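Below, each chain spelled out in residue letters.
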Amino acid sequence: MPAAAKGLRSHPIQELFWTRTGLLLLALVVVSGLSMWVSGSLDAGLARNLLTALGTGTMVSAVVGFGQTLITASAAQRAMVTPLIEESRKALHDLSAEYRSLNREFFPTHVFEASTEPDPAFNALIMADLRDTRQLWFRGFSGRYVAARMLLSPAESEVRAVLADPCERGAISGRARHLARQQGATADYERIQQTLHEEIRIGLVGLYLARSRCVSLDVTVVADPPLDRVELFDDCVWITLYSAVAGAPSLYPRTLRFGEGSFIYDMQRAEITRVHGAREARRFVLTPDTSRDEFLAHFEKITGASLSEAEFLDLERRFHAFRREFSAKAELES
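Everything numeric in this text was worked out from a predicted model, so none of it was measured.

### Digging into helix H7 (residues 170-183)
A rise of 1.5 Å per residue sets the reference length of H7, with its 14 residues, at 20 Å; its end C-alpha atoms lie 20 Å apart and thus fit the reference within 8%. Every buried residue belonging to H7 is among Ala 171, Ile 172, Ser 173, Gly 174, Arg 175, Ala 176, His 178, Leu 179 and Ala 180, and all of these are buried. Lining the buried residues of H7 we find strand S3 (157-164), helix H8 (189-209) and strand S4 (214-222).

### Remarks on a negative patch on the surface
Side chains of Glu 105, Asp 132, Asp 235, Glu 260 and Asp 266 sit close together on the surface and give a patch of like negative charge. For Glu 260, a relative accessible area of 43% translates into the label partly exposed.

### Examining the packing of H7 against H8
Interaxial distance between H7 and H8 falls to 9 Å at its minimum, and their mutual angle equals 125 degrees. On the basis of the axis angle, H7 is oblique to H8. Seen along the crossing, H7 lies across H8 with a hand that is right-handed. On the side of H7, the interface is formed by Ile 172, Ser 173, Arg 175, Ala 176, Arg 177, Leu 179, Ala 180 and Gln 183, while H8 contributes Tyr 189, Ile 192, Gln 193, Leu 196, His 197 and Ile 200.

### So, the sheet that holds S3
Taken in spatial order, the eight strands line up as S1-S7-S6-S5-S2-S3-S4-S8 in an open sheet, and their pairing is mixed. Edge strands, defined here as strands with exactly one partner in the open sheet, are strand S1 (110-112) and strand S8 (282-286). Direction aside, neighbouring strands of the sheet carry axes that sit 10 degrees apart on average. As judged from the four bridges shared by strand S5 (residues 229-232) and strand S6 (residues 236-240), these two strands associate in the antiparallel manner. Its bridge partner lying in S6, Val 230 is registered against Ile 239. Against the sheet, helix H9 (residues 263-276) touches strand S2 (135-139), S3, S4, S5, S6, strand S7 (255-259) and S8, its axis set at about 75 degrees to S2.

### Describing the confidence of the model for the protein chain
For the protein chain, per-residue confidence averages 81 on the pLDDT scale, and 78% of positions sit at 70 or higher. Helix H1 (residues 3-8) is the least confidently modelled element of the protein chain, averaging 43 in pLDDT, while S6 averages 95, the highest of any element. Long-range and interchain partners of residues 1-9, a stretch whose pLDDT sits below 50, account for six contacts in this model, where long-range means more than four residues apart.

### Topic: the pairing of S4
Within a regular strand, the side chains alternate between the two sheet faces. Most of S4 sits out of view: eight of its nine residues are buried. Across eight bridges, the pairing between S3 and S4 is parallel. Across the sheet, Val 162 pairs through a bridge with Thr 220, a residue of S4. Across five bridges, the pairing between S4 and S8 is antiparallel. Within the sheet, the bridge partner assigned to Thr 220 lies in S8 and is Arg 283.

### Describing unusual backbone geometry
Backbone geometry at Glu 331 places phi at a positive 60 degrees, although glycine is not the residue there. For Glu 331, a relative accessible area of 59% corresponds to the exposed category.

### Here's the deal with the pattern of salt bridges
Counting across every chain of the model gives 17 salt bridges. The salt bridge involving Arg 201 is made with Glu 198; its shortest N-O contact spans 3.4 Å. Within this pair, Arg 201 and its partner Glu 198 are both found in helix H8, separated by three residues, close to a single helical turn. The class of Glu 198 is partly exposed, set by a relative accessible area of 27%. Ionic pairing is found between Glu 309 and Arg 292, a salt bridge with its closest N-O pair at 2.5 Å. Remark: Arg 292 occurs in helix H10 (residues 292-303) and Glu 309 occurs in helix H11 (residues 309-329); sequence separation between them is 17 residues. Given the relative accessible area of 42%, Glu 309 is considered partly exposed. Note on Arg 292: relative accessible area 29%, which makes it partly exposed. Put simply, Glu 198, Arg 201, Asp 314, Arg 317 and Arg 318 are held in one network by salt bridges that share partners.

### Details of the nonpolar core
In terms of nonpolar packing, the biggest core is built from 55 residues, with Leu 163, Leu 204, Leu 217, Phe 295 and Phe 326 touching the most fellow members. Not counting the four nearest positions on each side in its chain, Phe 295 is found in contact with Leu 204, Val 205, Tyr 208, Leu 286, Thr 290 and Phe 312. The next biggest cluster of nonpolar side chains, apart from the first, holds 14 residues, and it includes Val 162, Val 222, Val 230 and Phe 258.

Calculation notes
- Residues numbered from 1 in each chain as written.
- Predicted model: local features only at pLDDT ≥ 70, side-chain atom pairs only at ≥ 80, totals over all residues.
- Heavy atoms only, no water.
- Helix = DSSP H or I, 4+ residues; strand = E, 2+ residues; numbered from the N terminus.
- Expected span 1.5 Å × (residues − 1).
- Buried < 20%, exposed > 50% of the residue type's maximum accessible area, 1.4 Å probe, protein only.
- Contact = heavy atoms within 4.5 Å.
- Patch = residues over 30% accessible without salt bridge, like charges linked within 9 Å, V, L, I, M, F, W, Y side chains within 5 Å.
- Areas by Shrake-Rupley, 256 points an atom, 1.4 Å probe, with all protein chains shown as cover.
- Salt bridge = Lys/Arg side-chain N within 4 Å of Asp/Glu carboxyl O.
- Lys, Arg positive; Asp, Glu negative; His and termini not counted.
- Charge placed at Lys NZ, Arg CZ, Asp CG, Glu CD.
- Axes fitted to C-alpha atoms, helices over the stretch in contact; angles between N-to-C directions.
- Parallel < 35°, antiparallel > 145°, perpendicular 65-115°, else oblique.
- Left-handed = near helix turned anticlockwise from the far one by under 90°.
- Pairing = 2+ DSSP bridges.
- pLDDT = per-residue confidence, 0-100.
- Core = buried A, V, L, I, M, F, W, Y, C linked by side-chain atoms within 4.5 Å.

What follows is the structure, encoded as structure tokens:
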């Protein structure tokens, strides 16, 4: 039925003509009119009187029935239809609220597909989350990106980072395989591993340089870090899916953002807390007051290799070069 016809039924008078009662009233009016017309053409007598009485009575019945039907229809609408509409509206509102709750619990608030270049929208949103958080929990490979973002953010957070242990061969293999898939058949696996070791060294120096932007920076290295990167803030969690085979050719894999009330948020927070608090894990703490000599001692303990002044300056230079290139592509600097 056309929408216009449906709209006409919204008024009781208009709706009346679409019911069987309306058809009956119409039949009474027609009978009354025919009776009056026929009686007018007859001579005075019994037949004329009967037709006149029939027409008059039918007309009175039609008028009374019309009024009664109109009143009854309006009352019925107020008594039955309107409460039914309100109940339906309330049920739909409750159902929508339930679906919204399920969406918050199981579905991401944002999805960023894999790309070969940093996504400015992605980085603008994660920088806003970093600016508004008091605690940052990071689980990744080298920590280069989180260190670069901390240096570009005005926030001062309490940071806990879980990184790959450079002394464990298994800690490197997962990321190495991802990069090998990205490079294809020409990938040099040994060279990739060397590059990843250098990234960890650069990331450690970057975290040291970013220590002034946080209250404290608690760094833990583990032998079997999960392949996916997790950045957990007060109100949300970001998961970068390095484990997704579909995103292997891309430098920046598919990333999902979940809200604080989600199942994923609670699960990732519990997992990072468990890994960070493991007794066998090796860790060190950086604060704004940590001196370079203290950091060099931490660096040697974690990597198993001492760091000379020249090597430190070289790693510092390489980190700042990475930070400038990344921030320019991600449009993080004005």
